[in-house]
There are 2 protein chains.
Amino acid sequence: MNGSGVRGTVTMHDVAARAGVSIKTVSNVVNDYPHIRPATREKVQRAIDELGYRMNLSARSLRQGRTGIIGLALPELSLPYFAELADSVIRAAEARGVVVLIEQTSADRQHELEVLTSDRRQLTDGLIFSPLELGPDDADALKVDYPLVVLGERIFGGEWDHVTMNNVDAARAATQHLIDQGRRRIAVIGAHAGETMGSAALRVLGYQAALAANGIPFDPELVIEGGLWHRATGADCTNRLLDSGVKVDAVFGLNDALALGALHVLHARDVDVPGDIAVIGFDDIEDAAYASPTLSSISPGREQIASMAVDLLLARIAGEEQPFRRVITDFEVMPRESTAV
Amino acid sequence: MNGSGVRGTVTMHDVAARAGVSIKTVSNVVNDYPHIRPATREKVQRAIDELGYRMNLSARSLRQGRTGIIGLALPELSLPYFAELADSVIRAAEARGVVVLIEQTSADRQHELEVLTSDRRQLTDGLIFSPLELGPDDADALKVDYPLVVLGERIFGGEWDHVTMNNVDAARAATQHLIDQGRRRIAVIGAHAGETMGSAALRVLGYQAALAANGIPFDPELVIEGGLWHRATGADCTNRLLDSGVKVDAVFGLNDALALGALHVLHARDVDVPGDIAVIGFDDIEDAAYASPTLSSISPGREQIASMAVDLLLARIAGEEQPFRRVITDFEVMPRESTAV
DNA sequence: GCTAGGCTTTACAACGTTGCAGAAGCGCGA
DNA sequence: TCGCGCTTCTGCAACGTTGTAAAGCCTAGC
């Protein structure tokens, strides 16, 4: 398969020599330059095939100032939502001929800042960044001199493109769904005290809006704080909620991991779901459909987020001058057993 | 932060000019060449800091023939086991100063073959490859001219390094665990008919060995075939198992996704776990600990697999000549509620 | 038969870095 | 004093590709 046997040995030079044309003509053929005589093109192509020539991408990158690699910075792949997001981004990128370098920030603020200025930015043509800890105060750090697309709503109004879902509306819809099933004492788990712009804050806002719209009084005792949105956190929040003795007939997990943690604890404590307490999550990860009982959730349009983000980034990389955009993707309520009547 | 404002504009040339030394001296400083006077080093370092110089990695790659990127080819990130594996590989790579380019094969044979010869191999110094569909017949395709580490036991004995767990022993231990809890009618879900070298075949082998060791007759009716190891497959297998009417008191899911699918169906069909049927999985993904009931599983030493794979690959990349190695990692039985007595 | 203008092809010079070979500076023993 | 060997620094030539500009070729139109 590899004509020469020795790796990376075949260059345009060799192809040119074999085909009896100049090295630049080989380059032109490879790059689909239009004005080439069919006979020449074929001659070159044959030489390429015979020698098993492959373009040296480092050389091309050096010359063009582009690598064909985009960065994707996210908290951790072991969080299912981000694994699924990465999957979608990689597919979207592949469809457009670029590859993806993933960097994990461990949801650590310092690490998130580093990613923005890391040496690796030299290796990528642009970055899709999903921060979890940065806040409005860090807006300056996001003023970078390379193409950047930010996912989520933590920091907005800056000089970068933005793809996000409407967290407020989606959370309102989730809450409304619970209300529609007759629930009135709806707890929220995973809230972040003091936060104003993060997903947690926005989703709680939507929750409150739904209560208000239905004339249900807001009870602060039903809002349970929790840190990183892992299953363990959801379990912990739920235990605290139940231990507090406050009356509850539904739990809104601010993401699916939290909600799954909640299901876990409810099951362990013999609380019937949805009989005694209904549960809804947020993100619609694959797990949700296979939990016991299956978990209702909000589908955030992951595919859409991924392809929008890649499209925006590639447009910037291509140098298209356009005002910075803020794309809001669609969401959908996915009712399942955990909120059945 | 970036002195010049214009991206990628600062080169060693500029640093050299500013520091009043030759460009090669800058290179030496950056690369920690030992024979440099402290004063010179400091002068250069200051110029670097003042100008915000960053190495152009494409140029370095071109010159050195190395990119500092390793490839990781796996079926899909949306399969939790592979997401967690990718997480570990990225961390291991980061600790060693290289970055990871992930490619998804969708568990498609053609795609798995393509990954081996793709243009992207030009971009990576080596590849960690976790095939799911390739079999012994494809051994030739794995004879590539770049550093390669293969994960899993589908194809062995070739000219590449290998990291895997002992599937047979681990499956035997899983089965033994069920037997220890008094189970005798143990079903296996997710088997692959006709396969001889894959994880499925090896794990079934271990299952049979455990039965034999305990004098339990092997009943082919208890072996349920299933394709891709998704939750949906596990659910489907379990439905078929229950519908068949065959007597069962335990289910061994050949991976956790299958077992979670099984839990889902058992719950839906009001079968008590572990009262009526015990369930054990394989891989110990994070979900396992949060399922309802929590799922017993086999921990395959993911961290160890990842760091061994990265170490082996980097050693090859560094050109160390050593015989091809076959590393077997440790495993551990993780008993949880789904197999409690 | 000649020229304008389009199609093809080419030579050259970068892109930013590092290996190599060697030059300059220095200390030290003969 | 000289030369040797070590440290420190430098110039040059690559690495493999593509943009630029220009040269050759060809055809159509006069």
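To keep things clear, this report deals only with the structure shown in the data block.

**Some points on the protein's contact with DNA strand C**
With respect to spatial proximity, 25 residues lie near DNA strand C, and among them A:Thr25, A:Thr40, B:Met12, B:Tyr53 and B:Arg63 are the closest. Of all DNA strand C atoms lying within 4 Å of any protein atom, the proportion belonging to sugar or phosphate reaches 64%. In the environment of DNA strand C, a phosphate oxygen lies 2.9 Å from a nitrogen or oxygen atom belonging to the backbone of A:Ser22. The contact in question runs from a phosphate oxygen of DNA strand C to an N or O atom on the backbone of B:Met12, over 2.7 Å. Contributing elements (two or more residues each) for the surface near DNA strand C: helix H2 (23-30) and helix H4 (57-64) of chain A together with helix H2 (23-30) and helix H4 (57-64) of chain B. Among the elements that line the surface near DNA strand C, the one with the most residues is H4(B), at 4 residues. Considering only residue class, the surface near DNA strand C consists of 9 nonpolar, 10 polar and 6 charged.

**Some points on the protein's contact with DNA strand D**
Around DNA strand D sit 25 residues, and of these A:Ser27, A:Tyr53, A:Arg63, B:Thr25 and B:Thr40 come closest. The sugar-phosphate portion of DNA strand D accounts for 64% of its atoms within 4 Å of the protein, the bases making up the rest. Between a phosphate oxygen of DNA strand D and a side-chain N or O atom of A:Tyr53, the distance comes to 2.3 Å. Mapped by element, the contributors of at least two residues to the surface near DNA strand D are H2 and H4 of chain A together with H2 and H4 of chain B. Of all the elements, H4(A) adds the most residues to the surface near DNA strand D, at 4 residues. Across the surface near DNA strand D, the residue classes break down as 9 nonpolar, 10 polar and 6 charged.

**Side note on the packing of aromatic side chains**
Per the counting criterion, the structure on display carries 6 aromatic pairs over all chains. Ring centres 6.3 Å apart and planes at 75 degrees place the aromatic pair B:Tyr207 and B:Phe218 in the edge-to-face group. Highlighted residues: B:Tyr207 in helix H8 (residues 199-213) and B:Phe218 in the loop between H8 and strand E7 (223-225), separated in sequence by 11 residues. Judged by its relative accessible area of 0%, B:Tyr207 is buried. By relative accessible area, B:Phe218 is classed as partly exposed at 38%. Sitting over the ring of A:Phe282, A:Arg203 keeps its end group 3.6 Å from the ring centre.

**Examining the interface of chain A and chain B**
Often, the extent of an interface is quoted as the loss of accessible area on bringing the components together. The interface of chain A with chain B comprises 59 residues on the first partner and 60 residues on the second. For the chain A and chain B pair, buried surface summed over both sides reaches about 5,300 Å², with 52% attributable to carbon and sulfur atoms. Here chain A is connected to chain B by 10 salt bridges. A salt bridge links A:Glu286 to B:Arg231, with the shortest nitrogen-to-oxygen separation between them at 3.6 Å. Broken down by secondary-structure element, the contributors of at least two residues to the side of chain A that touches chain B are H4, helix H5 (80-95), strand E2 (99-104), helix H6 (109-117), helix H9 (231-243) and helix H10 (256-268) of chain A. The element best represented in the side of chain A that touches chain B is H5(A), accounting for 7 residues. Each residue belonging to the side of chain A that touches chain B can be placed in one class, and the counts come to 25 nonpolar, 19 polar and 15 charged.

Basis of the calculations
Counting starts from 1 at the beginning of each chain's written sequence and moves along it residue by residue. Numbering of ligands from 1 and lettering of chains from A proceed in the order in which they are written. Per-residue local features are limited, in this predicted model, to residues with pLDDT of at least 70; the limit for side-chain atom pairs, both in listing and counting, is 80 or more; totals at the level of whole chains, interfaces and linings are taken over all residues. In computing side-chain values, all of the structure's heavy atoms are included and hydrogens and water are not. We call a residue near a given molecule or strand whenever any one of its heavy atoms falls within 4 Å of it. Polar contact criterion, stated in full: a pair of N or O atoms within 3.5 Å, where within protein one must be able to donate a hydrogen and the other to accept it, and residues adjacent in sequence count only if both atoms are side-chain atoms. Comment: elements are numbered from the N terminus, with helices defined as DSSP H or I runs of at least four residues and strands as E runs of at least two. Side-chain classes are defined by residue name, with Ala, Val, Leu, Ile, Met, Phe, Trp, Tyr, Cys and Pro counting as nonpolar, Asp, Glu, Lys and Arg as charged, and the others, Gly among them, as polar. Think of it this way: a Phe, Tyr or Trp ring, Trp meaning its six-membered ring, pairs with another when their centres are within 6.5 Å, and the plane angle makes it stacked under 30 degrees, edge-to-face over 60, tilted otherwise. The rule is simple: take the accessible area with a 1.4 Å probe, protein chains only, and divide by the maximum for that residue type; under 20% is buried, over 50% is exposed, in between is partly exposed. Ring-over charges, as used throughout, are those where CZ of Arg or NZ of Lys falls within 6 Å of the ring centre and within 35 degrees of the ring normal. Should any heavy atoms of two residues lie within 4.5 Å, those residues are counted as being in contact. Summed over both partners, the accessible area (1.4 Å probe) lost when two parts come together is defined as the buried area. Every case where a carboxyl oxygen of Asp or Glu lies within 4 Å of a side-chain nitrogen of Lys or Arg is listed as a salt bridge.

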